[in-house]
Amino acid sequence: MDATSKPTCHIVRPDHSYDGKQGLSYFQGIAAETVGAKGICMHLLTIPPGVRAKAHLHEAHETAIYMLSGEAHTWYGDHLEHHVVVHAGELFYIPAGVPHLPANLSSTPCTAIIARTDPNEQESVVLLPELDGNVPV
């Protein structure tokens, strides 16, 4: 989108995916790259059974997740010492700068809508490979 264009409304059909730094594939959604968003991004994520992300954080950006179907385990904290299971119909909040690692430990896919205060969806992703071994899945 041209930075000098007048802002307008857009429909985005999540029919294309891209591979994120976190090791998961996201369906294209609302972002600076797709609609010229200035302060938010929103994507659809399906995690296949037995798949996990890489440990990471989002520098200076908050994340809100709504689990549409299935369940996802997430380890979070400075050393990934905390654990939560997010079930379909639940919302999950991750503050800016909090290390986390989601995984689907079930035998069925899980799907979530993810919104972040970073309009450039991958810009604030910081990988934390030193924490990957803290989650034995």
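Residues numbered from 1 in each chain as written. Predicted model: local features only at pLDDT ≥ 70, side-chain atom pairs only at ≥ 80, totals over all residues. Heavy atoms only, no water.

### Some details on unusual backbone geometry
Trans peptide bonds make up most of the peptide bonds, and negative phi angles are found at most residues other than glycine.
Stage number 1. With a phi close to 65°, A60 is a non-glycine residue in the positive phi region.
Stage number 2. Along the chain, A60 turns up in the loop between strand 4 (56-58) and strand 5 (63-69).
Stage number 3. Classification of A60 as exposed rests on a relative accessible area of 66%. (Helix = DSSP H or I, 4+ residues; strand = E, 2+ residues; numbered from the N terminus. Buried < 20%, exposed > 50% of the residue type's maximum accessible area, 1.4 Å probe, protein only.)

### Notes on the environment of V51
Stage number 1. Relative to the assigned elements, V51 resides in the loop between strand 3 (41-47) and strand 4.
Stage number 2. Separated by 52 residues in the primary sequence, V51 and A103 place their C-alpha atoms 5.8 Å from one another.
Stage number 3. Residues within four places of V51 in sequence aside, it is in contact with L24, A103 and N104. (Contact = heavy atoms within 4.5 Å.)

### Quick word on the sheet that holds strand 8 (residues 91-94)
In sheet architecture, strand pairing relies on hydrogen bonds along the backbone and comes in two forms, parallel and antiparallel.
Stage number 1. Taken together, the six strands give an open sheet; going across it, the order is 1-2-3-10-5-8, and neighbouring strands pair in antiparallel fashion. Two strands close off the open sheet at either side, each with one partner strand: strand 1 (17-19) and strand 8. Here the strands of the sheet are splayed against their neighbours by 30° on average, with no regard to which way each runs. (Pairing = 2+ DSSP bridges. Axes fitted to C-alpha atoms, helices over the stretch in contact; angles between N-to-C directions.)

### Description of the nonpolar core
Stage number 1. In this structure, L24, L45, I65 and M67 are the most contacted members of the largest nonpolar core, which totals 14 residues.
Stage number 2. Listed by contribution, the elements that provide at least two residues to this core are strand 3, strand 5, strand 8 and strand 10 (110-116).
Stage number 3. With three residues, the single largest contributor to this core is strand 10.
Stage number 4. In this structure L24 touches Y18, D19, L45, I47, V51, R52 and A53, once residues within four positions along its chain are discounted.
Stage number 5. In terms of nonpolar packing, the next biggest core, distinct from the first, is built from nine residues, A55, L80, A103 and L128 among them. (Core = buried A, V, L, I, M, F, W, Y, C linked by side-chain atoms within 4.5 Å.)

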